[in-house]
Amino acid sequence: IDTYDNDWQLRVGLDSLLAQQEIRRICHRVKRGMSGQLERGYMVAVAPFGYDIRFEYGDQGQKIGTRWQINESQAAIVKQIFERRANGQSMHQIALWLNGSGIPCSRAPRKNGGGYWRAARVRGLLCNSIYRGVFTWHNSTPYVYEMRKKGQSVNPEEFPRPHLRIVSDEI
């Protein structure tokens, strides 16, 4: 845009307006695509502790979706965490047990020393509905915070995934 033209500000304003509209359209298409993937049985998030990611490809080699599968060694640890909590141990005690047992944290370390379990990480694991076979979309803390900040209501959606259940309803 030539700022020596008399109407350069109008052009900048129109370009900005069109760019904002394109952002809204892309946002809508991404949300619609993610919802469609969940309805088809695929997953749209990073796999939590206890699960591995498996990509599925089409005939032409294009990626068509992501599925989770249970990581048996981590699933045994998840079961122990739920059992310890059911037996009355605090989240802090469970985190100490995990760190003392040398079980790698579910989150990548920020520094070279390696990650470690905290009570808040244990709480997040215990509150995750996927361990009972239900994937809850639009229920993460950052999403809920953002929607409340905008004054919008939060409507989490549940997608049953019984093949991903690790713990029973009793625990």
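Heads up: the structure comes first, above all this text.
Residues numbered from 1 in each chain as written. Predicted model: local features only at pLDDT ≥ 70, side-chain atom pairs only at ≥ 80, totals over all residues. Heavy atoms only, no water.

*Asks:* How should the pattern of salt bridges be read in this particular structure?
*Replies:* Side-chain pairs of opposite charge can arise whenever the charged atoms involved come near each other. A full pass over the atoms with the stated rule returns nine salt bridges. Residue arginine 67 is joined to glutamate 56 by a salt bridge in which the shortest nitrogen-to-oxygen separation is 2.5 Å. You can see arginine 67 sitting in strand β2 (residues 63-70) and its partner glutamate 56 sitting in strand β1 (residues 51-57), a full eleven residues away along the chain. Residue class for glutamate 56 comes out buried when judged on its relative accessible area of 18%. Taken together, the shared-partner salt bridges in this structure form one network comprising Asp5, Asp7 and Arg11. (Salt bridge = Lys/Arg side-chain N within 4 Å of Asp/Glu carboxyl O. Helix = DSSP H or I, 4+ residues; strand = E, 2+ residues; numbered from the N terminus. Buried < 20%, exposed > 50% of the residue type's maximum accessible area, 1.4 Å probe, protein only.)

*Asks:* Help me understand a positive patch on the surface in this model?
*Replies:* A cluster of basic residues, Arg107, Arg110, Arg118 and Arg121, forms a positive patch at the surface. Mapped onto the secondary structure, arginine 121 falls in helix α4 (residues 119-127). (Patch = residues over 30% accessible without salt bridge, like charges linked within 9 Å, V, L, I, M, F, W, Y side chains within 5 Å. Areas by Shrake-Rupley, 256 points an atom, 1.4 Å probe, with all protein chains shown as cover. Lys, Arg positive; Asp, Glu negative; His and termini not counted. Charge placed at Lys NZ, Arg CZ, Asp CG, Glu CD.)

*Asks:* Sorry, what's going on with helix α3 (residues 91-100) here?
*Replies:* Residues spaced three or four apart along an α-helix point in a common direction, a consequence of the helix completing one turn every 3.6 residues. All of the buried residues in α3 are Ile94, Ala95, Trp97 and Leu98. All buried residues of α3 project into a common sector of 160° when viewed along the axis, lining one side. Opposite the packed face of α3, turned more than 90 degrees from it, sit the exposed residues Leu96 and Gly100. On its buried face, α3 is in contact with α2 (72-86) and α4. Just downstream of α3 lies glycine 102, where phi reads positive at about 75°. (Arc of directions from axis to C-beta. Contact = heavy atoms within 4.5 Å.)

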